[in-house]
Amino acid sequence: MARNGGSNEKNNEPINRQDVGSWLDGPPQLNQQEYPGQRLGRPADGPGSIARFPRRVGAIVIDWGLAMAISAMFFNYDSIVTLLIFVAMQILFVGVTGHSVGHRAFGMQVQKLDGTGSYFLAGAIRSLLLALVVPAFIIDADQRGMHDRAVNTVLVRI
């Protein structure tokens, strides 16, 4: 290492970051994407792009609110019935149309990785895993939860 006022003794150039060591750069980054969905061939923004967290939260609030309202009106707000109504709505709507009421309100759709609509069995499996809550919070670099990865789907903007 140089001791002559901040220059390299070999060629009298100023010391740069490579002279000090690569530890300043931090650990290697495994995610080299510029935006979620890039490796899936999705655009960065607009239709077909990965739906981001705020939209997802808004959609689930609407869907859960509808399930709570139905449960309160017909089942005296039973918590188990509320969960069953939520899951039934998710299975029915996502399995048939590709989006729930909340997804539709926030302009999102569940699609297969090739961009086509989801099918009923994928919607059912995805919904059952979503009801467990935890799989939705274990996400990858493309912001796909375990419930989406299990059935090769992705929630995109439409």
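Residues numbered from 1 in each chain as written. Predicted model: local features only at pLDDT ≥ 70, side-chain atom pairs only at ≥ 80, totals over all residues. Heavy atoms only, no water.

Asks: Is there a simple way to explain the overall build of the protein in this structure?
Replies: Looking only at helices and strands, the protein features 7 helices and 2 strands. Reading the helices (α) and strands (β) of the protein from amino to carboxyl end gives α-α-α-α-β-α-α-α-β. In the protein, which comprises 158 residues, the proportion classed as buried is 36%. A sequence separation of at least 24 residues applies to 55% of the contacts in the protein between residues at least 6 apart. Of the accessible surface of the protein, which amounts to about 9600 Å², a share of 62% is contributed by carbon and sulfur atoms. (Helix = DSSP H or I, 4+ residues; strand = E, 2+ residues; numbered from the N terminus. Buried < 20%, exposed > 50% of the residue type's maximum accessible area, 1.4 Å probe, protein only. Contact = heavy atoms within 4.5 Å. Areas by Shrake-Rupley, 256 points an atom, 1.4 Å probe, with all protein chains shown as cover.)

Asks: Explanation requested: the environment of Val154 in the structure shown.
Replies: In this fold, Val154 is placed in strand β2 (residues 153-157). Considered as a pair, Val154 and Gly37 are 117 residues apart in the sequence and their alpha carbons are 9.2 Å apart. Beyond its immediate chain neighbours, meaning those up to four positions away, Val154 contacts Arg42, Ile50, Gln109, Val110, Gln111, Lys112, Leu113, Arg144 and Asp148.

Asks: Sorry if this is basic, but what is going on with the nonpolar core here?
Replies: Side chains that are nonpolar tend, in soluble globular proteins, to be buried together. By size, the foremost hydrophobic cluster in this structure holds 9 residues: Ala67, Val81, Ile85, Phe86, Val87, Met89, Ile91, Ala124 and Leu130. Every element with two or more residues in this core is listed here: α3 (79-96) and α5 (120-131). When residues in this core are grouped by element, the largest group, 6 residues, is from α3. Those residues in contact with Met89 that lie beyond four places of it in its chain are Asp63, Leu66, Ala67, Ile70 and Val94. Among the nonpolar cores identified, the runner-up in size contains 6 residues, and Ala51, Ala59, Val110 and Leu155 belong to it. (Core = buried A, V, L, I, M, F, W, Y, C linked by side-chain atoms within 4.5 Å.)

Asks: Would you mind going over the layout of surface pockets with me for this structure?
Replies: Sizing a probe to match a water molecule and rolling it over the atoms shows the empty space that remains. One number sums up the size of the largest pocket: a volume of about 550 Å³. For the lining of the largest pocket, the secondary-structure elements that each account for two or more residues are α2 (53-75), α3, α5 and α6 (134-137). In terms of residues, the lining of the largest pocket owes the most to one element, α2, which gives 7 residues. (1 Å grid on protein atoms, 1.4 Å probe; cavity = no way out; pocket = protein on both sides within 12 Å on 5 of 7 lines; lining within 4 Å. Points joined across faces, edges and corners; volume = space filled by probe spheres on them.)

Keep in mind these numbers describe shape, not what the thing actually does.
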